[in-house]
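Geometric and topological summary
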Amino acid sequence: MKPWRSIRVRLAALIGLLLFAALGGFGSLAWLRESKARIAAVDRELDERLNLLISAYRPEPGQRLSDVSEARLSPRAQMLFANEGGEPFYHIVWYRDGSLQGRSEHAPDVEMPQGPAGSRMIRASGGMRELLQFTQSGRCFLVGRSIQPEREATRKDALMLVAAGGAILFVGLLVGWWISSSVTRPLGVVGRTSREIANGDLSRRIPTTGREDEIEDVAEILNETFARLEQAFERQKQFTADASHELRTPVSLILAHTQGALLHEQTPEDYREALADCERAAGRMKTLIESLLDLAKLDGSPAAIDREPCDLAQIVHECVVQLQPLVRKKDLRFDLDLQSAPCLGDGLRLTQVATNLLTNAIQHSPSGSIVSARTSGEDQACLVIQNTGLGIPPEEMPDLFERFHRSDKSRARATGGTGLGLAICKAIVEAHGGHIQAESVPGETTIFRISLPKNEAIL
Amino acid sequence: MRLLVVEDEVDLLRRLTKVLRAEGYAVDTAEDGIDGLSKARETDYDAILLDVMLPGLDGWELLERLRRDKQTPVIMLTARDSGKDRVFGLDGGADDYVVKPFDLPELLARIRAVIRRSAATPTPRIEIDDIVVDLAQRCVSKSGTLVPLLPSEYSLLEYLALHRGEVITRTRLYDHLFDENESTLSNLLDVRVSNLRRKLGQNLIVTRRGHGYGIGITP
């Protein structure tokens, strides 16, 4: 995975970025405040000294301005101007014409500044901060000081903040990495385990710790999906095994017929007989394959049943008519009670079910007996088919509707049964949202019952 | 040689019977386990082809009960092919086990092999002076030249050759060369004997008056 695609990396980077922004923001603000405060302190001192200076050079009553050539300093002013401790202040005073009225010892040599009379302004030049006052008489007072120390201090501040901020950011990044790891690690486990399961053993499951958080939810959903996949594969495997087993018989027939006919020279009559035998065997395979495909279709999408109004009574009636020749051959009788049983469904499919059940009943009935069929539509559309005969042994009842189940192996062969008839009936009935069940008293009678939801529209 | 085929799949039974008879075997049939068992007990077949899935009595049961009285060679036919089934079948007393769908020529070869084994002649050729009976190819040559025989003639020769040195009664010959559908026509046997003598020499098959026929016996 590319680093920038990883949630872990992005989350950690985001935390780092936020931390960086916060630290940077606060740090800058603090630093700016501090440096402003320092300059403001210097400015206050400049201001104080300027005021004292101006007072000191004010002419006495009766004195002319030009006569004042020395500062008259108050004791406080003297103290301040002595520059003891700290950075030295300097001052310069100019007459209107630019000649010096006074200056301090180490004042720099500068030109007289220009400015509007009566104004006070501050200026910074070459590492000095200077406060200027222009008087009404055109004089200019200047007090200044080097702000090198302040600049030094500000720079030191900046370095210290960067160092401290960097350290905090580093620790913060580590914590951020840990946080994002602890979120993405369980996701990684789910992902890796899922891939292993999907590629290999479908019977495994993702381990869950019972924490019931968002990731566990996903893990549970995946586990359920794997379970369903596993079941589907099992069913498919079983089906394939069953189907190929069932196909062995017709294939061995065809092989026996053809190889037998090819062993020696035969009469045309022999060849014709062998071919006819092959045709019969192939016909059996065809029936089997069609039934299997039918089942597969019904398995796949239960929703794909046509829904049209049908009536079970009508369907059964038509089946009975179709089956008359078979009934006569076995010398049986039908006992019918066909009340209207409307339902919604696929008429062809329902006919398939009725035909299958009626044919079974006929084939399993002894000669001369009665097969009864009843339909009714009170709260559900129902069909009940009953016949007398050997019945179904109790041990076979649970598997009756399973694929390839045959109650009597040789009988099924004799009648060409695939063993899929009841399985198909069940699939059709259940696809219609109904139920099918069987009861049997061995040696006496067998009953099959189908119920389908009523056709609501007719109510 | 007389065989019993027990198979409930009627089409397959018919085909196998037809093919085996064309090969010169006498064939009896049964479509369920009970009929099969009773026939197998009654007659000394040279081999039995036994399907496993049978109505009435399944193949395993039949075999077990048969083995209490008889050692008839049995080849089992089945659609079940797990290793377990094979072991079960062979351990249960079957002499061979063939899975459906089977190769017909292979099945015929296995029948021949199983008959040879039970006659204690594992090699497929029997030499009697200048006559060679090839049991695998089911043909006979005299002094190196192939002698064409009818399947029924070959069957008789094969039986006598496999039981060389024994006197075989006519009854026993009938039992082994004709199936239940043929009525006992004594001259059919004599006709075959005389045809064989004509084709292979008068001295091959020896008659012991009042007892029967044989190869390599004294008259």
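Fair warning: this is a prediction, and the values are worked out from it, not measured in the lab.

Of regular secondary structure, chain B possesses eight helices and 12 strands. Here chain B, with 219 residues, has 55% of them falling under the buried criterion. Here the contacts in chain B between residues at least 6 apart in sequence split such that 56% fall between residues at least 24 apart. Surface summary for chain B: the accessible area is close to 9700 Å², and the carbon and sulfur share equals 49%.

The next point concerns the overall build of chain A. Scanning chain A from terminus to terminus reveals 10 helices and 12 strands. A total of 459 residues make up chain A; the buried ones form 36% of that total. As presented, chain A carries roughly 27200 Å² of accessible surface, and 57% of it is formed by carbon and sulfur atoms.

Attention shifts here to the pairing of strand β9 (residues 370–376) of chain A. Residues and elements named next belong to chain A. Alignment of strand β7 (residues 333–338) against β9, held across six bridges, turns out to be parallel. When the sheet's bridge partners are listed, D337 is paired in β9 with R374. As judged from the six bridges shared by β9 and strand β10 (residues 380–388), these two strands associate in the antiparallel manner. When the sheet's bridge partners are listed, R374 is paired in β10 with V384.

This part covers the interface of chain A and chain B. Listed by partner, the interface residues are 23 residues for chain A and 24 residues for chain B. Between the two partners, chain A and chain B, sit six salt bridges. When the shortest N-O distance is used, the salt bridge between E9 of chain B and R284 of chain A registers 2.7 Å. Where chain A touches chain B, the interface holds 11 residue pairs in polar contact (both at pLDDT 80 or more). Looking at the side of chain A that touches chain B, the elements that each hand over two or more residues are α4 (214–263), α5 (268–300) and α9 (409–414) of chain A. Tallying contributions element by element places α4 of chain A first for the side of chain A that touches chain B, with 13 residues. Residues that form the side of chain A that touches chain B fall into these classes: seven nonpolar, eight polar and eight charged.

On to a negative patch on the surface, then. Residues and elements named next belong to chain A. Judged by side-chain charge, E212, E214, D217, E220 and E224 come together as a negatively charged surface patch. Tracing the chain through its elements places D217 in helix α4. Residue class for D217 comes out partly exposed when judged on its relative accessible area of 44%.

Time to look at the pattern of salt bridges. Taken as a whole and judged by the stated rule, the model has 42 salt bridges over all chains. For E234 of chain A, the salt bridge identified is with K237 of chain A, shortest N-O distance 3.5 Å. Taken together, the residues E234 of chain A and K237 of chain A, both in helix α4 and three residues apart, mark about one turn of the helix. With relative accessibility at 43%, the residue E234 of chain A sits in the partly exposed group. Among the residues examined, K237 of chain A registers a relative accessible area of 54% and is labelled exposed. Three or more residues are tied together by salt bridges with common partners; here these are D277 and R280 of chain A together with D11, R14 and R15 of chain B.

So, about helix α1 (residues 7–56) of chain A. Taking 1.5 Å per residue, 50 residues should reach 74 Å; α1 of chain A reaches 73 Å between its end C-alpha atoms and fits that length. Two or three places before R8 of chain A, at the start of α1 of chain A, stands the capping residue S6 of chain A, its side-chain oxygen 3.2 Å from that residue's backbone nitrogen.

Residue and element names in this part refer to chain A. Contact geometry of helix α3 (residues 148–199) with α4 gives a least axis separation of 10 Å together with a crossing angle of 5°. Taken together, the axis directions place α3 and α4 in an arrangement best described as roughly parallel. Contacts between α3 and α4 pair V183, P186, L187, V190, S194, I197 and A198 from the former with I215, A219, L222 and F226 from the latter. Of the residues that constitute the contact of α3 with α4, the class distribution is 10 nonpolar, one polar and no charged.

Moving on: the sheet that holds strand β9 (residues 145–147) of chain B. All names here are of chain B. Sheet architecture is open: four strands sit in the order β6-β7-β8-β9, paired in antiparallel fashion. Among the strands making up the open sheet, the edge pair consists of β6 (125–128) and β9. Pairwise comparison of adjacent strand axes, ignoring direction, gives a mean angle of 25° for this sheet. Here β6 pairs with strand β7 (residues 131–134) via four bridges, running antiparallel. Residue R125 lies in a different strand from β7, and its bridge partner there is D134. Each of β6, β7 and β8 (139–142) is contacted by helix α6 (residues 151–162), which is oriented at about 105° to β7, the strand it contacts most.

Evaluation of the coordinates by the stated rule reveals four aromatic pairs over all chains. An angle of 90° between the planes, with centres 6.2 Å apart, marks the rings of F401 of chain A and F448 of chain A as edge-to-face. Highlighted residues: F401 of chain A in the loop between β10 and α9 and F448 of chain A in strand β12 (residues 445–453), separated in sequence by 47 residues. Of the two residues examined, F401 of chain A and F448 of chain A, each falls in the buried class. For the pair Y174 of chain B and F178 of chain B, a centre-to-centre distance of 5.3 Å together with 35° between the ring planes defines the contact as tilted. F178 of chain B shares its class with Y174 of chain B; the two are buried.

To continue, consider the sheet that holds strand β2 (residues 100–103) of chain A. Residues and elements named next belong to chain A. Overall, antiparallel pairing links the five strands, which are arranged β2-β1-β5-β4-β3 in an open sheet. Sheet topology places β2 and β3 (120–125) at the edges, where each strand pairs with a single neighbour. Between one strand and the next, the sheet's axes are offset by a mean angle of 15°, whatever the strand orientation. Sitting on the sheet, α1 touches β1 (89–94), β3, β4 (128–134) and β5 (140–146), and the angle it makes with β5 is about 145°.

All names here are of chain A. A rise of 1.5 Å per residue sets the reference length of α4, with its 50 residues, at 74 Å; its end C-alpha atoms lie 71 Å apart and thus fit the reference within 8%. The largest bend in α4 amounts to roughly 30° and is located at R248, with the proline P250 lying one to four residues further along. Between the side-chain oxygen at the start of α4 and the backbone nitrogen of I215 there is a gap of 3.1 Å, and the oxygen is on D213.

What follows concerns a nonpolar patch on the surface. The grouping of F170, V171, L174, V175, W178 and I179 of chain A at the surface amounts to a nonpolar patch, some 620 Å² of accessible area in total. Mapped onto the fold, V175 of chain A is located in helix α3.

The relative placement of two packed helices is expressed as an angle between their axes plus a distance between the axes. All names here are of chain B. In contact at an axis separation of 12 Å, helix α1 (residues 10–22) and helix α5 (residues 104–118) are set at 60° when each is read in the N-to-C sense. Of the possible angle classes, the one that applies to α1 and α5 is oblique. Our pair here, α1 against α5, has a crossing hand that is right-handed. Counted together, L16, V19 and L20 of α1 and L104, L107, L108 and I111 of α5 form the full contact between these two elements.

All names here are of chain B. As for its position among the elements, R192 is in helix α8 (residues 186–200). Assessed through its relative accessible area of 12%, R192 is described here as buried. When near neighbours in sequence (up to four residues on either side) are disregarded, R192 contacts S152, L156, L177 and F178.

Parameters at a glance
- Residues numbered from 1 in each chain as written.
- Chains lettered and ligands numbered in written order.
- Predicted model: local features only at pLDDT ≥ 70, side-chain atom pairs only at ≥ 80, totals over all residues.
- Heavy atoms only, no water.
- Helix = DSSP H or I, 4+ residues; strand = E, 2+ residues; numbered from the N terminus.
- Buried < 20%, exposed > 50% of the residue type's maximum accessible area, 1.4 Å probe, protein only.
- Contact = heavy atoms within 4.5 Å.
- Areas by Shrake-Rupley, 256 points an atom, 1.4 Å probe, with all protein chains shown as cover.
- Pairing = 2+ DSSP bridges.
- Salt bridge = Lys/Arg side-chain N within 4 Å of Asp/Glu carboxyl O.
- Polar contact = N/O pair within 3.5 Å; in protein donor to acceptor, adjacent residues only side chain to side chain.
- Nonpolar A, V, L, I, M, F, W, Y, C, P; charged D, E, K, R; others polar.
- Patch = residues over 30% accessible without salt bridge, like charges linked within 9 Å, V, L, I, M, F, W, Y side chains within 5 Å.
- Lys, Arg positive; Asp, Glu negative; His and termini not counted.
- Charge placed at Lys NZ, Arg CZ, Asp CG, Glu CD.
- Expected span 1.5 Å × (residues − 1).
- Axes fitted to C-alpha atoms, helices over the stretch in contact; angles between N-to-C directions.
- Parallel < 35°, antiparallel > 145°, perpendicular 65-115°, else oblique.
- Phe/Tyr/Trp six-rings, centres within 6.5 Å; stacked < 30°, edge-to-face > 60°.
- Bend = angle between axes of the 7 residues up to and from the residue.
- Left-handed = near helix turned anticlockwise from the far one by under 90°.

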